[in-house]
Amino acid sequence: MLKKVGILINGGDAPGLNAVIRAITRTAERNQVECYGFLDGFNGLLKNNYVRLDNDPITSGILHKGGAIIGSSLNANVFNYKVIENGKEVYKDLSEKCVQNLKEDGIDCLFTLGGDSTQKSARDFSLRGIHVIGVPKTIDNDVACTDVTFGFNTAVSVATESLDRLHTTAETHNRIMVLEVMGRYAGWITLESAIAGGADVALLPEIPYDMDKVVEKIQARQRAGKNFSVVVVSEGAFPKGGSMSIKDTREGGKGVINIQLGGAGDIVAKELEKRTGLVARNTTLGYMQRGGTPSATDRILSTKYGAKAMELALEGKFNVLTVLKNGKLDYVSLEDVVGDNKEIGAVEGGTEDSNMKTVKMDDDLIKTARDIGICLGD
Ligand code: F6P
């Protein structure tokens, strides 16, 4: 009999987090299950810091709110956690303490809301005897085994609205407007917003770009009397033979995502200005894509994922991730989600080992973009 469940969020926030919390809690309440939220993700799990969510006004009026009422942990891997010992930074496996906390408090199932790194930790906890159920969160849409993650649709909407705004200023001043969007090593936000926002060029991490091709596209538009262009650039985009633009390497820690991408849009804008004779400006959209109210689509998806996660717990189906498969709500084993990244504690996101869903060249979106003449830099 399921009595108590806990919710934990790890990684960058994504619109829809509160909607998932609400859906899990509502479903729990209807089934007389106690529901707790760990504060600041894995940090809360480690310190046993949580709040009760069921039958509490804290979960009222949160459906439309951005962020997360229980916070999230960033760069936290409890299997390889930074602690200070004798004035020195050392990395330790503190997962056993978390397991102990969960067992002592009688948490029958832990819901892990997060991206690929989080679900890797979730799978590792499942091997330590904890019942976990993952919910795929990230604006990047790069979690394996699911059609879509919650938060992605809102990020695409924000990027699309930005492109609409950049379009009018580009046209007025005969400029090239570049928009750098997030997505880490996957170009989903770029590709979808480029199609929705009528961009002329979309540069993704999956296709190292050839600047000659981009210049050709812009010059062809000039010849057709269009002296302005709109270009979307993934933060992870890079030129053929070149490398990704790294803004910062944080902590230098093991077991966490320690690379901050940034600068790809500026590089493209500078190069285009030099080679086309048109003025080019870059706008980096940044955290606007992550904050604020979720779209209706994300509210619905988050609610479906949250309710499904609780349903699975009630059925005793643990160590799985709620997913959308060919548009239908479903679940997959966390072992499938982590793929070949099997070593316990190794959760660096976006490395060769991590199992991410990137854009494949036979994706309908790639074909559609090419059909309507969006230059993909190749
Ligand atoms: O994974 C979501 C994301 O927003 C990425 O698109 C981006 O690269 C990264 O997080 C930024 O993370 P941080 O909050 O650590 O700066």
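Because the structure is predicted, anything quoted here is derived from the model rather than measured.

What to know about the pattern of salt bridges
Alright, step 1. Using the criterion set out here, one finds 18 salt bridges in the structure.
Alright, step 2. Here Arg128 makes a salt bridge to Asp93, at a shortest N to O gap of 3.5 Å. Pair noted here: Arg128 is in the loop between helix H4 (116–127) and strand S7 (132–136) and Asp93 is in the loop between strand S5 (88–92) and helix H3 (95–104), with a separation of 35 residues, a long-range link.
Alright, step 3. Since its relative accessible area comes to 27%, Arg128 is described here as partly exposed.
Alright, step 4. Classification of Asp93 as partly exposed rests on a relative accessible area of 42%.
Alright, step 5. Shared partners join several salt bridges into a network, and the residues in it are Lys120, Arg123, Asp124, Glu335 and Lys342.

Digging into unusual backbone geometry
Alright, step 1. Although it is not a glycine, Asn141 adopts a positive phi angle of roughly 60°.
Alright, step 2. One can find Asn141 in the loop between S7 and helix H5 (152–173).

A look at the side chain of Asp105
Alright, step 1. Mapped onto the secondary structure, Asp105 falls in the loop between H3 and strand S6 (109–114).
Alright, step 2. One buried charge, Asp105, has no salt-bridge partner; the nearest side chain with opposite charge is Lys4, at 5.8 Å.
Alright, step 3. Polar side-chain contacts of Asp105 include one of 2.8 Å to the side chain of Asn48.
Alright, step 4. Leaving out residues up to four positions away in the same chain, Asp105 has contacts with Lys4, Asn48 and Tyr50.

Some points on the pairing of strand S10 (residues 229–234)
Alright, step 1. Counting buried residues along S10, six of its six residues qualify, which places the element largely inside the surrounding structure.
Alright, step 2. Burial along S10 is two-sided: Ser229, Val231 and Val233 and Val230, Val232 and Ser234, pointing in opposite directions, are all buried.
Alright, step 3. In terms of strand pairing, strand S8 (residues 175–181) meets S10 through six bridges, oriented parallel. Directly across from Val181, in S10, lies its bridge partner Ser234.
Alright, step 4. Both strand S9 (residues 201–203) and S10 contribute to a ladder of three bridges, which runs parallel. Paired with Ala202 across the bridge in S10 is Val232.
Alright, step 5. Handedness of the crossover joining S9 and S10 through helix H7 (residues 211–223): right-handed.

Some thoughts on the sheet that holds S6
Alright, step 1. Read across the sheet, seven strands follow the order S3-S2-S1-S6-S7-S14-S15 without closing on themselves; strand pairing throughout is mixed. Edge positions in the sheet fall to strand S3 (50–52) and strand S15 (328–333), since each of these pairs with one other strand and no more. Direction aside, neighbouring strands of the sheet carry axes that sit 30° apart on average.
Alright, step 2. Along the sheet face, H4 touches S6, S7 and strand S14 (320–325) and points at about 160° away from the line of S6.

Details of the nonpolar core
Alright, step 1. In this structure, Ile7, Phe111, Leu113 and Ile133 are the most contacted members of the largest nonpolar core, which totals 61 residues.
Alright, step 2. Examining the composition of this core, we find that seven residues originate from one element, H5, more than from any other.
Alright, step 3. Looking at this core, you find at least three residues from each of domain 1 (4–150 + 294–338) and domain 2 (153–290 + 361–371).
Alright, step 4. Once residues lying within four places of it in the same chain are set aside, the contact partners of Ile7 are Ile21, Ile24, Thr25, Cys35, Tyr36, Gly37, Phe38, Leu53, Ile70, Phe111 and Leu113.
Alright, step 5. By size, the runner-up hydrophobic cluster in this structure holds 25 residues, among which are Phe38, Ile107, Ala122 and Phe125.

What about the confidence of the model for the protein?
Alright, step 1. For the protein, per-residue confidence averages 95 on the pLDDT scale, and residues scoring 70 or more make up 96% of the total.
Alright, step 2. The least confident element of the protein, judged by mean pLDDT, is strand S11 (residues 246–249) at 87; the most confident is S9 at 99.

Details of H4
Alright, step 1. Its twelve residues place the ends of H4 17 Å apart at the C-alpha level, agreeing with the 16 Å of an ideal helix rising 1.5 Å per residue.
Alright, step 2. Within H4, eleven of the twelve residues are buried, which leaves it mostly tucked inside the rest of the structure.
Alright, step 3. Along H4, the residues classified as buried are Asp116, Ser117, Thr118, Gln119, Lys120, Ser121, Ala122, Arg123, Asp124, Phe125 and Ser126.
Alright, step 4. At the C-terminal side of H4, Gly129 shows a positive phi close to 90°.

Section: the domain arrangement of the protein
Alright, step 1. The domain boundaries assigned to the protein delineate domain 1 (4–150 + 294–338) and domain 2 (153–290 + 361–371).
Alright, step 2. Between the C-alpha centres of domain 1 and domain 2 there is a distance of 32 Å.
Alright, step 3. In this assembly, domain 1 packs against domain 2 so that about 1600 Å² is buried in total across both faces, 48% of it on carbon and sulfur atoms.
Alright, step 4. Looking at the side of domain 1 facing domain 2, the largest losses of area belong to Asn75, Ile139 and Asp140, adding up to 36% of the total buried there.
Alright, step 5. There are one salt bridge connecting domain 1 and domain 2.
Alright, step 6. With a closest N to O distance of 3.0 Å, Arg290 and Asp13 form a salt bridge.
Alright, step 7. Summed over the shared surface of domain 1 and domain 2, the result is seven residue pairs in polar contact (both at pLDDT 80 or more).

Rules behind the numbers
- Residues numbered from 1 in each chain as written.
- Predicted model: local features only at pLDDT ≥ 70, side-chain atom pairs only at ≥ 80, totals over all residues.
- Heavy atoms only, no water.
- Salt bridge = Lys/Arg side-chain N within 4 Å of Asp/Glu carboxyl O.
- Helix = DSSP H or I, 4+ residues; strand = E, 2+ residues; numbered from the N terminus.
- Buried < 20%, exposed > 50% of the residue type's maximum accessible area, 1.4 Å probe, protein only.
- Lys, Arg positive; Asp, Glu negative; His and termini not counted.
- Polar contact = N/O pair within 3.5 Å; in protein donor to acceptor, adjacent residues only side chain to side chain.
- Contact = heavy atoms within 4.5 Å.
- Pairing = 2+ DSSP bridges.
- Right-handed = clockwise from strand over helix to strand, strands pointing away.
- Axes fitted to C-alpha atoms, helices over the stretch in contact; angles between N-to-C directions.
- Core = buried A, V, L, I, M, F, W, Y, C linked by side-chain atoms within 4.5 Å.
- Domains from an automatic or database assignment.
- pLDDT = per-residue confidence, 0-100.
- Expected span 1.5 Å × (residues − 1).
- Buried area = accessible area lost by both parts, 1.4 Å probe.

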